[in-house]
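Remarks on the overall topology
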Amino acid sequence: MRIGMIGYGKMGHMIAQAARLHGHEIACTIDPFAKDASCVTGDPEKMKSCLLDSGVEGAIEFSHPSSVFGNIRTIIPTGIPLVVGTTGWHDRLDEVRASLEESETSLLYSSNFSIGVNLFYRIVSEAARLMAAFDEYDVALFESHHNQKADSPSGTALDLAKRVMDNMPRKTRLVTDCFVRKPEADELHLSSVRVGAVPGTHTVWFDSAADTIELTHTARNREGFALGAVRALEWLTSPDAQGAKKRGVFTMKDVFNDL
Ligand SMILES: NC(=O)c1ccc[n+]([C@@H]2O[C@H](COP(=O)([O-])OP(=O)(O)OC[C@H]3O[C@@H](n4cnc5c(N)ncnc54)[C@H](O)[C@@H]3O)[C@@H](O)[C@H]2O)c1
């Protein structure tokens, strides 16, 4: 597939490498500040020409929260299927959905493209569903990240907590602060630590008087995000179960539901 990259920073380069390893061609790279991009521009009309003139069949956007929404609005009218990794625009999803309907094309977004994390979501959901039947097991979450991370808890930890609560009706309230009292039975504790250079570790504990079941995902680097974004674009540009072109908004959940 001929792929266009919008945003050619650390992730853009990593995705381009992963895409080539998967047999794809990087037909154009667009970035107003990256000197090695094939189109050094942030101008919407020039961006469109870059994508269309180079025969791009699918595009991947990893730029900056301040530019992502404008880029999405520029790309949708080209009809090119788009994968978006940049966050910070999800509150404007309805506007995006409306313009996708007009242009009859598709967009897939996720705040975590890691294949391993998305598989881990499924594993944790299933584990929580099983544990729901056994009252003797309590559950808690723990996450650690590098000391440059701005937010806490991580978005991934919050997604995991939601999956635990969706599947264990006895846990109805999430607590992310320190406990200075005993937790109530319906409270789910999620704790975070920031230290050194940890790329990201997420643990879900199921604990009883007799034993502990501990599920941990440990990220080693950011390559998992890059490969996941490529896999997402491959899925988005492939026909649906009825053999038709995919249209509308999708997430990684749709990709994994098809597995
Ligand atoms: N969803 C995921 O799984 C996932 C994973 C990793 C990173 N991210 C997000 O992806 C984004 C990029 O991450 P990064 O590490 O590559 O950052 P980066 O700073 O290395 O690269 C961002 C690039 O975007 C470019 N840019 C700025 N304005 C632009 C515009 N108007 N049009 C096109 N490009 C523009 C910058 O020049 C820069 O080269 C961040 O928002 C990050 O949080 C998402």
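Chains are numbered independently. Their residues run from 1 in the order of the written sequence. Local features are withheld for residues below a pLDDT of 70 in this predicted model, meaning they are given only at 70 or higher, and side-chain atom pairs are given and counted only at 80 or more; totals for whole chains, interfaces and linings count all residues. The basis for every side-chain value is the complete set of non-hydrogen atoms in the structure, without hydrogens or water.

Some thoughts on the nonpolar core
For our purposes a nonpolar core is just a set of buried Ala, Val, Leu, Ile, Met, Phe, Trp, Tyr and Cys residues, chained together by side-chain atoms within 4.5 Å. Partly exposed describes any residue whose relative accessible area lies between the buried limit of under 20% and the exposed limit of over 50%, with all areas from a 1.4 Å probe on protein chains only and scaled to the type maximum. Ranked by size, the top nonpolar core spans 28 residues in total, and within it Ile15, Ile60, Val83, Leu108 and Phe113 carry the most contacts. Of all elements in the fold, only strand 1 (2-6), helix 1 (10-21), helix 7 (223-236) and helix 8 (252-257) reach the threshold of two or more residues within this core. Think of it this way: any DSSP run of H or I at least four residues long counts as a helix, any run of E at least two long counts as a strand, and we number them from the N terminus. Tallying contributions element by element places helix 7 first for this core, with seven residues. By definition, residues are in contact when any of their heavy atoms lie within 4.5 Å. Discounting chain neighbours no more than four positions away, the residues touching Ile15 are Met5, Ile60, Phe62, Ala226, Ala229 and Val230. Within the second largest apolar cluster, 25 residues are counted, among which are Met47, Ile72, Ile76 and Trp89.

Considering the sheet that holds strand 10 (residues 212-218)
When DSSP finds at least two bridges between two strands, those strands are taken to pair. What the five strands build is an open sheet, ordered 7-8-6-9-10; its pairing is mixed. Two strands close off the open sheet at either side, each with one partner strand: strand 7 (173-175) and strand 10. On average, each strand axis in the sheet is tilted by 20 degrees relative to the strand beside it, whichever way the strands run. Relative to strand 9 (residues 201-207), strand 6 (residues 138-145) runs antiparallel, the two sharing seven bridges. Pairing of Glu143 across the sheet is with His202, part of strand 9. Across the sheet, helix 5 (residues 115-131) touches strand 9 and strand 10, and the angle it forms with strand 10 is around 165 degrees. The convention used is that axes are lines fitted to C-alpha atoms, helices contributing only their stretch in contact, and that angles between N-to-C directions extend from 0 to 180 degrees.

Some points on the sheet that holds strand 5 (residues 106-109)
Across the sheet, which stays open at both edges, the six strands sit in the order 2-1-3-4-5-11 with parallel pairing between neighbours. Since the sheet does not close on itself, it has two edges, and those belong to strand 2 (25-30) and strand 11 (248-251), each with one partner. Pairs of neighbouring strands in the sheet enclose a mean axial angle of 20 degrees, with direction left out of account. Inspection of the sheet shows strand 1 paired to strand 3 (residues 58-61) by four bridges, in the parallel sense. Considered in strand 3, the bridge of Gly4 is made with Ala59.

Describing the site of the ligand
In the vicinity of the ligand, 23 residues are found, and the nearest of them are Lys10, Met11, Asp31, Phe113 and Arg222. Within the backbone of Gly9, one N or O atom sits 3.5 Å away from an oxygen atom of the ligand. Contact distances for the ligand include 3.4 Å between a nitrogen atom and a backbone N or O atom of Ser111. Residue burial considers only the protein chains on display, and all accessible areas are found by Shrake-Rupley using a 1.4 Å probe. For the ligand, the protein covers 78% of the area, taking 860 Å² as the surface of the free molecule. Each residue is assigned to one class: nonpolar for Ala, Val, Leu, Ile, Met, Phe, Trp, Tyr, Cys and Pro, charged for Asp, Glu, Lys and Arg, and polar for all the others, Gly among them. Residues belonging to the shell around the ligand are distributed by class as follows: 10 nonpolar, 10 polar and three charged. Near residues are defined by distance, with any heavy atom within 4 Å of the molecule or strand qualifying the residue. Two N or O atoms form a polar contact when they lie within 3.5 Å of each other; inside protein one atom must be a possible hydrogen donor and the other a possible acceptor, and for residues adjacent in sequence the pair counts only when both atoms belong to side chains.

Considering the packing of helix 1 against helix 7
One can describe the packing of helix 1 onto helix 7 by two numbers: an axis separation of 8 Å at closest approach and a directional angle of 60 degrees. It follows from the interaxial angle that helix 1 and helix 7 lie oblique. Between helix 1 and helix 7 lies a crossing of right-handed hand. Between helix 1, through Met11, Met14, Ile15, Ala18 and Ala19, and helix 7, the contact on the second element is made entirely by Glu223, Phe225, Ala226, Leu227, Ala229 and Val230. For the contact of helix 1 with helix 7, the per-class residue count stands at 10 nonpolar, no polar and one charged. Working rule for angles: under 35 degrees goes down as roughly parallel, over 145 as roughly antiparallel, 65 to 115 as roughly perpendicular, anything else as oblique. Throughout, a crossing is termed right-handed when the near helix is turned clockwise from the far one, and left-handed when it is turned anticlockwise from it by less than a right angle.

Here we look at the domain arrangement of the protein chain
Residue ranges for the domains originate in an automatic or database domain assignment. Domain boundaries assigned for the protein chain yield domain 1 (2-113 + 223-257) and domain 2 (115-218). Centre-to-centre, using C-alpha coordinates, domain 1 lies 31 Å away from domain 2. If you look at the interface, domain 1 gives nine residues, while domain 2 gives eight residues. When two parts are brought into contact, each loses some accessible area as probed by a 1.4 Å sphere; the total of that loss over both is the buried area. For the pair domain 1 and domain 2, the summed buried surface comes to about 710 Å²; carbon and sulfur atoms form 53% of the total. On the domain 1 side of the interface with domain 2, the three residues burying the most area are Asn112, Arg231 and Phe256, jointly 66% of the side's total. Salt bridges are identified by distance alone: a Lys or Arg side-chain nitrogen within 4 Å of an Asp or Glu carboxyl oxygen. Taken together, domain 1 and domain 2 are joined by zero salt bridges. Where the side of domain 1 that touches domain 2 is concerned, the elements lending two or more residues are helix 7 and helix 8.

Describing the state of the cysteines
Any pair of cysteine sulfurs within 2.5 Å is marked as a disulfide. Under the defined criterion, the tally for this structure stands at one disulfide. Here Cys39 connects covalently by a disulfide to Cys50, the sulfurs 2.1 Å from one another. A torsion of -120 degrees about the S-S bond marks the disulfide between Cys39 and Cys50 as left-handed. Here the residue Cys39 occupies a position in the loop between strand 2 and helix 2 (44-53), and Cys50 occupies one in helix 2, the gap between them amounting to 11 residues. Given the relative accessible area of 15%, Cys50 is considered buried.

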